[in-house]
Protein chains: 4
Amino acid sequence: MPPQTDPRHGEACLIVHGPDQPGLVAVVTGLVTRHQGNIVTLDQYSDNPEGGAFFQRVVFDRPDLHAAMPAIEADLDKTLAPYGMAWTLTDRSAPKRMAVLASTSDHCLLDLLWRHRRGELPVTIPMVVSNHTNTAEDVRSFGIPFFHVPSQGPDKSEAEAKIVELLKGNVDFVVLARYMQILSDGFLEEVGVPVINIHHSFLPAFIGAAPYRKAKERGVKLIGATSHYVTKDLDEGPIIEQDVTRVDHAMTAADLQARGAYVEREVLSRAVQWHAEDRVIRHGNHTIVFE
Amino acid sequence: MPPQTDPRHGEACLIVHGPDQPGLVAVVTGLVTRHQGNIVTLDQYSDNPEGGAFFQRVVFDRPDLHAAMPAIEADLDKTLAPYGMAWTLTDRSAPKRMAVLASTSDHCLLDLLWRHRRGELPVTIPMVVSNHTNTAEDVRSFGIPFFHVPSQGPDKSEAEAKIVELLKGNVDFVVLARYMQILSDGFLEEVGVPVINIHHSFLPAFIGAAPYRKAKERGVKLIGATSHYVTKDLDEGPIIEQDVTRVDHAMTAADLQARGAYVEREVLSRAVQWHAEDRVIRHGNHTIVFE
Amino acid sequence: MPPQTDPRHGEACLIVHGPDQPGLVAVVTGLVTRHQGNIVTLDQYSDNPEGGAFFQRVVFDRPDLHAAMPAIEADLDKTLAPYGMAWTLTDRSAPKRMAVLASTSDHCLLDLLWRHRRGELPVTIPMVVSNHTNTAEDVRSFGIPFFHVPSQGPDKSEAEAKIVELLKGNVDFVVLARYMQILSDGFLEEVGVPVINIHHSFLPAFIGAAPYRKAKERGVKLIGATSHYVTKDLDEGPIIEQDVTRVDHAMTAADLQARGAYVEREVLSRAVQWHAEDRVIRHGNHTIVFE
Amino acid sequence: MPPQTDPRHGEACLIVHGPDQPGLVAVVTGLVTRHQGNIVTLDQYSDNPEGGAFFQRVVFDRPDLHAAMPAIEADLDKTLAPYGMAWTLTDRSAPKRMAVLASTSDHCLLDLLWRHRRGELPVTIPMVVSNHTNTAEDVRSFGIPFFHVPSQGPDKSEAEAKIVELLKGNVDFVVLARYMQILSDGFLEEVGVPVINIHHSFLPAFIGAAPYRKAKERGVKLIGATSHYVTKDLDEGPIIEQDVTRVDHAMTAADLQARGAYVEREVLSRAVQWHAEDRVIRHGNHTIVFE
């Protein structure tokens, strides 16, 4: 989209979080106002009014935003330091750069590429990386670079190093679109950007491998999917979004897998969109989602 | 609940709405702060950043709120007048007074009384009024006064006058819990408080009488319920909440009615709760719901 | 409802299950037909066409059903024995007798009593047993006997013995409507009828105590409830029904509990209805539910 | 999929419908059994046990099905004629041939093609026809022929004639995947096969054009989509499937359209799958769906 028609042109997103104190909302909105910002949406949450944590998201309009950013940033530093608050300020005309890691499954991957092409995801996609080649042609037909990084044998360090080399400096976050390799702690540290995963169960039910088979064995009446930030603890990272769909006794584990695929892509696309729009704040092992 | 354990003690809810202008959020939050209010939650919405309408809801903590109210109100008048904004300020320690009007169906009525008894609806219920007597004993077993106002024949004016006499000055809003009489425009004007209805269909589908029969005839695969503010235009008032449930070809119209009853009570109870917590703002024929 | 207007008068429900073999459906439907039964609904399921298990539920109309039962039963024995099939035949004009066990929570208990009063649950309720007295008045106002069996201290055997004494021979199944005592294996054996529980989480997530607190700690975006048959393994019995509702970061554990209460009563009431209508067949740790 | 691994090889689907009479289920299952068919699933429904209509769907396994078909068909004719029942018998190893008609929107079209490629839709797709060319490359990348039939000006008869020429004899049903031209009665008659549409609202709400704009104007809290068979009466044909998704006051009509797109593709794909598997029986303006 050309910048002159971009509705987000001139829009900034400010996230503030830290220890709750009286008057914080007024401090932040006052700051935005004295820099000629017009607040478009404001969301705020305290997990405990008595000594808890405070989270605020402000989207504001400001002509000549680019030129004004340094002054706003300096004022944020000066104003929020006494309160011990952390902040991030984002120019919304610059979409985040998203890499997708995939394996053989194509449903989550293609859904992201479709939604991106339809203009629904405010990101750029500089690359798709896969340990298989079956989706290469599909990905490239969207005009998106595809890199094949095989990952065989027990030692994944070489493959991970190659992926880091591709991602480093080129992307703002990474999406695992049914990427079937467990990433090492070292990889997460080196990549240094948020990594979002889609897990094919309603966590914390059916942690680990083969959740649809386990769901069949347990005889559940709903199956689900969970999108979460990846941390060192497998399947234990902060949950961004979840959803479920109804199943019945007559469905096989393969039926559950097919049915679940559509929940996976819905849940993942919502999580990606919210992350891309700075609607998700991590706090310990939780997320605050300002939908 | 005794006031000293009421988590809302000392909490106020401020609603501001009017023509959108830059800086409004900061003006309002600044005002709250200079009156020693600590903002607990803040929601805000503009239906169009260019010349649209602006809506803000602020819940704030303030010790000695009762004593401070007059000064805050005077400041609101002075501060918001230049912007042409309307406002309402509510002391949340004083629950709204809700009357329920019912007919023979008991499911919506009893669900409201149960939830109230469980402490989930921040209201008092000074009375239930019905044009039938079948629910009298149930209502009174909750310790709530029940008044029978029969409504026979084509002329409803006498019955309506009696109901107005009961309600007038005694309640802050009225809930029609499957009350099967159409209220006149005059009644709505005289009562002078919001009236919330539950309609047993997914409006605007199946407007008017017998929606479950019509749903069966049309062969829909979902049925629903809609809670809305009552206006002069039958079934056309601003929608507060809606929900649906799945049905299939094997269900009779009576089955749809039984199944739908549970959607009705869920939808109505959510609408009542949101209204009671000042989360719903009417704007033309729409509602802004800050859930 | 008087028998002459009961739509189930003269209706029988036949359940057949055992090893799958060709021709079973025809064998069963042929038998029904030769006893002048008119099939109203038929459901059938094989978990594996090659050597799996077979399940069939047939509801049929038959004038003078009562008189014909012995002949049909004798024919079922003779006809199905060669196939190794088990069967049960139920006269639907005789509703099952359901006992409810409860503790202090009233939402599931009252919902069952109220649905029963509306004529939606084809059961009789000979008694409610509770280890607390707070719901006694409510229960008795429905015209249902209430028995108080306190359960204090670590040794539950005396209390269990008293409950068995009340239930034995008087009921066809037992519902634990948020009954907060763990039942011993001996109790389950002695009672000898199915026991249905409602667990306040989406099993197998958050097994054990305090699931809403655990859900809050894990930061899930949906909470749920599960109704299952009680077995020796706590929270591991065959699942009959489950459902979920959406929650967000701003809800406290107490909010989750209040919101979840309405999922619990919906899920439990569906499970009870399906069980009462012979729609649920247990098979290992699974259920076949012919909705 | 090669026939030898097709799990439906040797499977037939028999649909029987007509006036309800005692013993029909036994008559049909007896016939299947005497032709060495092993019943895999059986669904049956009577809309009124007293003089209503009867519907039965039987899927059965039969080695050498192809060779046995003529004898089974002759027996069906002979056996069912006295009861006045209609029937259709389908060899499930021969998938139905589905044409897709589309306009500029690609979301429903691509979703169908992708599900087909994953092996989830038991159909062949001999062609996609569109009155625009924007999706041509995408369609052909799936290996499926794309035909462009422009439709300009008020007289659609020439375009319709061309489409009929393409479809006639080549397809078993037609799917309108957001095809934005109204088809004439003559077209429907000439094509002579079922035509399935996806309407972007929860019918009967918002019949006609621009349903998302109308939904925004009415302020509904849920939006939906409806898949139905096309009849002469626009938006009035028998409904196959519907679903909804939650929206709120902050969403613009464009947001509703984007959100609704995903409901549309889910609903359409379910309707197509059920139709392709002979699970949908039309009866007047209703459908019986044996899910």
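Residues numbered from 1 in each chain as written. Chains lettered and ligands numbered in written order. Predicted model: local features only at pLDDT ≥ 70, side-chain atom pairs only at ≥ 80, totals over all residues. Heavy atoms only, no water.

**Focus on the pattern of salt bridges**
Residues and elements named next belong to chain A. This model, assessed by the stated rule, comprises 83 salt bridges over all chains. Between E11 and R92 there is a salt bridge whose closest N-O contact spans 2.9 Å. Of this pair, E11 sits in strand β1 (residues 11–19) while R92 sits in the loop between β4 (86–91) and β5 (96–102); the two residues are 81 residues apart in sequence, bridging distant segments of the chain. Its relative accessible area of 11% is what places E11 among the buried residues. (Salt bridge = Lys/Arg side-chain N within 4 Å of Asp/Glu carboxyl O. Helix = DSSP H or I, 4+ residues; strand = E, 2+ residues; numbered from the N terminus. Buried < 20%, exposed > 50% of the residue type's maximum accessible area, 1.4 Å probe, protein only.)

**Considerations on the domain arrangement of chain A**
Residue and element names in this part refer to chain A. With domains assigned, chain A is organised as domain 1 (3–91) and domain 2 (96–289). Centre-to-centre, using C-alpha coordinates, domain 1 lies 30 Å away from domain 2. Counting from both sides, the interface comprises ten residues of domain 1 and, opposite them, eight residues of domain 2. Taken together, both faces of the contact between domain 1 and domain 2 bury some 740 Å²; the carbon and sulfur share is 66%. Area buried by domain 1 at its contact with domain 2 is led by I15, F55 and R57, which between them contribute 55% of it. For the pair domain 1 and domain 2, the number of links is zero salt bridges. At the junction of domain 1 with domain 2, the criterion picks out two residue pairs in polar contact (both at pLDDT 80 or more). (Domains from an automatic or database assignment. Contact = heavy atoms within 4.5 Å. Buried area = accessible area lost by both parts, 1.4 Å probe. Polar contact = N/O pair within 3.5 Å; in protein donor to acceptor, adjacent residues only side chain to side chain.)

**Observations regarding the packing of helix α3 (residues 107–117) of chain A against helix α3 (residues 107–117) of chain D**
Where α3(A) contacts α3(D), the two axes come as close as 12 Å, and the packing angle between them is 165 degrees. With respect to each other, α3(A) and α3(D) are oriented roughly antiparallel. In this structure, α3(A) meets α3(D) at a crossing whose hand is right-handed. Residues A:H107, A:L110, A:W114 and A:R117 of α3(A) touch α3(D), and the partners they reach there are D:L110, D:D111, D:W114 and D:R117. By residue class, the composition of the contact of α3(A) with α3(D) is four nonpolar, one polar and three charged. (Axes fitted to C-alpha atoms, helices over the stretch in contact; angles between N-to-C directions. Parallel < 35°, antiparallel > 145°, perpendicular 65-115°, else oblique. Left-handed = near helix turned anticlockwise from the far one by under 90°. Nonpolar A, V, L, I, M, F, W, Y, C, P; charged D, E, K, R; others polar.)

**Digging into a negative patch on the surface**
Side chains of A:E291, B:E291, C:D248, C:D255, D:D248 and D:D255 sit close together on the surface and give a patch of like negative charge. Position of C:D255 relative to the elements: it lies in helix α8 (residues 253–276). (Patch = residues over 30% accessible without salt bridge, like charges linked within 9 Å, V, L, I, M, F, W, Y side chains within 5 Å. Areas by Shrake-Rupley, 256 points an atom, 1.4 Å probe, with all protein chains shown as cover. Lys, Arg positive; Asp, Glu negative; His and termini not counted. Charge placed at Lys NZ, Arg CZ, Asp CG, Glu CD.)

**Comments concerning the relation of the copies chain D and chain B**
With an axial shift of 0.0 Å and an RMSD of 0.0 Å, the rotation relating chain D to chain B amounts to 180 degrees. A rotation of that kind, with that shift, is consistent with a two-fold axis. Measuring from the rotation axis to each C-alpha of chain D, the shortest distance belongs to D:A205, at 2.3 Å. (Least-squares fit on C-alpha atoms with pLDDT ≥ 70 in both.)

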